[in-house]
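Observations on chain architecture
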Amino acid sequence: MRRIAVDFGSSETKICIAGSGVVLKEATCIAVEEDGESFTVKAYGDKARALSGRAAVNTHIVNPVFEGDVVHENLAACLLSYFLDKIEITRRRAKYTEVIFILPCGSGEDLKEKYRRLAADCGIGAVSFTITPFAAVLGHNVAINESRPMFCLDIGYGITNIAALSQDGLIYGINVNLGGGNIDVHIIDELADKRNLSIGALTAERVKNTVGSLLHDDNKMTVADGRDLESGAPSSIAVNSSHIYEYILTYVDKILEYVSLVMSKLDAEVASGIVHGGIYLSGGLMKMDGLAEYIKDKLRIPVNLPDEPQLAAVIGAGTILANDFLYTRLATE
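Fair warning: this is a prediction, and the values are worked out from it, not measured in the lab.

Digging into the packing of aromatic side chains
Taken as a whole and judged by the stated rule, the model has four aromatic pairs. Consider the rings of Tyr-44 and Tyr-82, whose centres lie 4.4 Å apart with planes at 5 degrees: the pair is stacked. Placement of the pair is Tyr-44 in strand β5 (residues 38–44) and Tyr-82 in helix α2 (residues 73–86), with a sequence separation of 38 residues. Note on Tyr-82 and Phe-83: the rings are 5.8 Å apart at their centroids and 55 degrees apart in plane angle, and the pair reads as tilted. On the basis of relative accessible area, Tyr-82 is assigned to the partly exposed category, the value being 24%. Given the relative accessible area of 0%, Phe-83 is considered buried. An aromatic cluster is present here, built from Tyr-44, Tyr-82 and Phe-83 joined pairwise through their rings. The ring of Tyr-327 has Arg-3 lying over it, and the distance from NZ or CZ to the ring centre is 4.7 Å.

What follows is the structure in structure tokens.
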């Protein structure tokens, strides 16, 4: 039976095939044309996201996963089927495929049931689950130690996972509805209020990814295209790192408050182990210049950052699938 790991994120979906690595990274997005109570899918994934702000009046761009929850099950099933077909797992092959889904820390049985229904709609033969902190730490290519506790901070687009863990299981962990998407919304609002420019979600994300930085002396620059709020005419402005520094800092500091809260719940022996081992960082936002260093200085704890932090969780889940011992310890049905 083929084994694959699926990270169905709010912004992007990543799929890893055990033994082959990451084979898909595409927007968790679908474009649908509504006609009364029925709908027609016009585009999937990256092609659907590219239509954002450009679609016809009766075409809607939908993200079926929001803040870690599957909010549109039928559309999520359509999208996952498309992704599976894209990596040559047809419906006929799907029944011989086992999928491990990566869930947010603290997910309940109701979310697992949604994923089971999703898998059934796609014809998947077997389903298991793991949580983001376990997968993300393994994505650093390190072993989860039985005696020494480890600490994970995974900042995604719609949700952040914070947890202390060991090979014995989760010690303490939470998820919070904060992430890179909040920064995008803040950029949109602030450019409208202070620079009189209306921009779309794709532009805000590009600005964040291009010039976003927590280095004090960084001065990267890009051009944001949009609409002048007074005249209504197309307009462009220059945006550099200093313009959005405070917006980013607002959300990073809030996330670090939750990190400190989780750490305050830990026993002294666990906290001591984490100080020596450092924090394992993952998630798409961790690619931002200066963020890892800022977290290290703010918390006064060493940090560990992988080469591809946005892929850490799905790579780690693939590791779980490939190792029977880890699968027994870290996966649930």
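Alright, that's what it looks like, and here's the rest.
Section: helix α7 (residues 201–211)
Restricting attention to buried positions, one finds in α7 the residues Thr-203, Ala-204, Glu-205, Val-207, Lys-208 and Val-211. Where α7 is buried, its residues meet α1 (45–50), α6 (180–195), β15 (221–228), β16 (234–240) and α8 (241–264).

Reading the values: rules and limits
All residue numbers here refer to positions counted from 1 along the written sequence of the relevant chain. Local features are withheld for residues below a pLDDT of 70 in this predicted model, meaning they are given only at 70 or higher, and side-chain atom pairs are given and counted only at 80 or more; totals for whole chains, interfaces and linings count all residues. Excluding hydrogens and water, the side-chain figures rest on all heavy atoms present in the structure. Put simply, two rings from Phe, Tyr or Trp (the six-membered ring, in Trp's case) pair if the centres are within 6.5 Å, and we call them stacked under 30 degrees between planes, edge-to-face over 60, tilted for the rest. Only DSSP runs of H or I reaching four residues or more are called helices, and only runs of E reaching two or more are called strands; each is numbered from the N terminus. We call a residue buried when its accessible area falls under 20% of the maximum for its residue type, exposed when it is over 50%, and partly exposed in between, using a 1.4 Å probe and counting protein chains only. By the criterion adopted, a ring carries a charge over it if an Arg CZ or a Lys NZ lies within 6 Å of its centre and within 35 degrees of its normal. Here a residue-residue contact requires only that any non-hydrogen atoms of the pair lie within 4.5 Å.

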